[in-house]
Amino acid sequence: MKNNCSKHKYKLYLCIIILLILVNSIFTLKLVFNYRHKKNSKKFKPAFNTTLKSNKDKNKKYVYLTFDDGPTYVVTDQILDVLKKNNVKATFFIVGKEIPEKEHILTRIHEEGHSIGLHTYSHDAKKIYSNKENFIKEMTKTQKKIEDLLGFKSKIIRCPWGIHNIYNKLGSSLINEIHKNDLKIYDWNCSLEDGLNPNLSTKRLFDNSKIVKEGYTNNVIILAHCNFNNKNTVKVLPKIIKYYKNLGYEFKPITESTPEYYIESKCNKNLNFKN
Ligand SMILES: [Zn+2]
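Residues numbered from 1 in each chain as written. Predicted model: local features only at pLDDT ≥ 70, side-chain atom pairs only at ≥ 80, totals over all residues.

Under an unreviewed UniProt entry, the name given to the chain is Polysaccharide deacetylase family protein, and the source organism is Clostridium oceanicum.

Quick look at the structure:
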């Protein structure tokens, strides 16, 4: 009897010990998981200037249509016609060397309430990104041309191929220089891919207009172009506008008060180098 009782006691102790080991293991596993999770969150923290991410009004959704490389004959006018018909304001990032003889197109962009930004003077990668001074000169030369014509100083810029690109070896020192010169940078989080591929079908362009970088669907900045060969961009534009309007988005032009949006590090694998 005594023997039986001590056997039971032994089993009970064993059960308690196993239970304690199990509880301890679960606790340790949880700690390891939490540590790894925290470590990974830190590791994969997006390298974006995220000020644009949060709207004061969480229900508000904004879309910024931007057109690079103008002014051009025909296509810029056709884009302006579509925007007017749909009562939408957009942003045009201007290449300075394109202005002569097309002053009337630039004036039209301004008079119809669209924003005007700077997209260098030459659009020549070797000149633009050779050093910080040249980059700033490229922007201020275009800024001056616009000021002489329209009477205001544009301070919003779009870097050709984005702030981090294969030609730019200047790193964050260029970003500091841009800010020192009172300029604001605007990259994009959605691209029609109509820069290097202006002949993409309207279906592909439309599909591209719906792909937005994760986490930025409330503040969509669409990169599009108004080069002489962007005929399909003109054709698809009404469909893109309708799509975003149906989803409840408000179209806004980028202004000096729009929070900057750019990639702080080129380590981010989601970079889009097309322009
Ligand atoms: Zn460009």
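> Looking at this structure, I do not really get the overall build of the chain. What am I missing?
Per the secondary structure count, the chain includes 8 helices and 8 strands. Buried positions account for 34% of the 275 residues belonging to the chain. The contacts of the chain with a sequence gap of at least 6 include a subset with a gap of at least 24, amounting to 82%. (Helix = DSSP H or I, 4+ residues; strand = E, 2+ residues; numbered from the N terminus. Buried ≥ 20, exposed ≤ 12 C-beta atoms within 10 Å, placed from the backbone. Contact = placed C-beta atoms within 7 Å.)

> Just to check I follow, could you spell out helix 2 (residues 75-85) for this structure?
Along an α-helix, residues three or four apart share an orientation, since each turn contains 3.6 residues. When helix 2 is considered as a whole, its buried residues turn out to be Val75, Thr76, Ile79, Leu80 and Leu83. Angular distribution of buried residues about the axis of helix 2 spans 140°; they occupy a single face of the element. Contact partners of the buried residues in helix 2: strand 1 (62-70), helix 3 (103-111) and helix 8 (231-246). (Arc of directions from axis to C-beta.)

> Which parts of the structure should I look at to understand the environment of Glu256?
The residue Glu256 is located in the segment after strand 8 (250-251) in this model. Residue class for Glu256 comes out exposed when judged on the 12 C-beta atoms lying within 10 Å of it. Once the C-alpha coordinates of Glu256 and Lys155 are considered, the two residues, 101 residues apart in sequence, prove to be 6.7 Å apart. Those residues in contact with Glu256 that lie beyond four places of it in its chain are Lys155, Ile156 and Lys184.

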